[in-house]
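Coordinates in review
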Amino acid sequence: MIIPTRHLRRLIGLAALALLAACKPQPETPAPTKAAFVNIPPYAAQITLQDLMNQIVDPEADVIWNATGSIATKKGVVENYPRTDADWEAQRRAVLRLLEASNLLLIPDRKVADTPFESAGPGVYSSAEVQHQIDTRRAVFNSMALNLRGAAQELLKATDTRNVKALLELGDALDKACESCHKTFWYPDEKVPYPPLKPPSP
Ligand code: HEC
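Residues numbered from 1 in each chain as written. Predicted model: local features only at pLDDT ≥ 70, side-chain atom pairs only at ≥ 80, totals over all residues. Heavy atoms only, no water.

Going by an unreviewed UniProt entry, the protein carries the name Cytochrome c and comes from Duganella dendranthematis.

1. Some thoughts on the coordination of the iron atom of the ligand
Surrounding the iron atom of the ligand are the protein donor atoms Met53 (SD) and His182 (NE2), which sit 2.0 to 2.3 Å from the metal. In this structure, the iron atom of the ligand is coordinated by 6 donor atoms arranged in octahedral fashion, with angles at the metal of 85 to 178°. On the criterion of sequence distance, the pair formed by Met53 in helix H3 (residues 49-67) and His182 in helix H7 (residues 164-185) is long-range, its members being 129 residues apart. Using a relative accessible area of 23% as the deciding quantity, one classes Met53 as partly exposed. (Donors = N, O, S within 2.8 Å, 3.2 Å for Na, K, Ca; no water. Tetrahedral: all angles 85-135°; square planar, octahedral: opposite > 155°, others 65-115°. Helix = DSSP H or I, 4+ residues; strand = E, 2+ residues; numbered from the N terminus. Buried < 20%, exposed > 50% of the residue type's maximum accessible area, 1.4 Å probe, protein only.)

2. Brief notes about the side chain of Thr48
With respect to the helices, strands and loops of the structure, Thr48 is situated in the loop between helix H2 (34-39) and H3. Reaching out from Thr48, the side chain makes a polar contact with the backbone nitrogen of Asp51 at a distance of 3.0 Å. With residues up to four places along the chain from it excluded, the contact list for Thr48 reads Arg110, Lys111, Val112, Ala113 and Asp114. (Polar contact = N/O pair within 3.5 Å; in protein donor to acceptor, adjacent residues only side chain to side chain. Contact = heavy atoms within 4.5 Å.)

3. Things to note about the pairing of strand S1 (residues 69-73)
Taken together, the 5 bridges between S1 and strand S2 (residues 76-80) define a ladder with antiparallel strand orientation. Bridge pairing in S2 places Ser70 opposite Glu79. What sits between the antiparallel neighbours S1 and S2 is a turn of 2 residues. (Pairing = 2+ DSSP bridges.)

4. Remarks on the packing of aromatic side chains
Counting across every chain of the model gives 2 aromatic pairs. For the pair Trp186 and Tyr187, a centre-to-centre distance of 5.0 Å together with 45° between the ring planes defines the contact as tilted. Here the guanidinium or amino end of Arg83 rests over the ring plane of Tyr81, the centre of that ring lying 4.2 Å away. The aromatic ring of Phe185 is capped on one face by Arg137, whose charged end is 5.5 Å from the ring centroid. (Phe/Tyr/Trp six-rings, centres within 6.5 Å; stacked < 30°, edge-to-face > 60°. Lys NZ or Arg CZ within 6 Å of the ring centre and 35° of its normal.)

In structure tokens form, the structure reads like this:
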């Protein structure tokens, strides 16, 4: 069979292209497909649990606890609750942040602490033990993050309806949501030392 020159040239060209493609260094891992982007959650924990607690969860909870409640002063017990529009806005801002922080607690693989910490006493976990507890009992941890969400959702309702009585009760519910997780994952058997029988001499 005689191949016309112009076809021959084309064939050689194609062969050269195929050879080039074969020699081209292939990337080690294939580029992720669109499906991969869909399957891998795009979110990832950026800060430690310790920072999340100290810098986000705790300060917002303090705003809520400090805004409502009774304070003993020299003039007697003073009832504290949001009064002005600005007070209510500050309260709402703290509740919103706490509510959304419940999602941050659900993000997996968050490191407990950058600088490992020792147990603070009998029945209190070290950072390595806290990490182990969370890693092995993730479903329990998540359910407790959802308790926090539930408490914050109720707080938001009470804030939006400016229901001071409900706010007082919900402050306690919030405290319980924090404590139940801490008692499970941080200080399960904490021994509180008895106060001294006799007060120390001055
Ligand atoms: C889902 C679990 C969970 C919830 C809910 C939770 N925490 Fe924590 N928190 C932890 C764990 C575990 C630790 C111990 C490890 C650490 O220190 O980060 C901790 C530690 C802390 C610490 C000490 C951080 C440090 O310096 O080591 C503070 C303060 C704190 N939490 C405040 C709160 C407050 C306030 C709330 C409620 C508004 C709350 N937490 C709700 C799990 C939780």
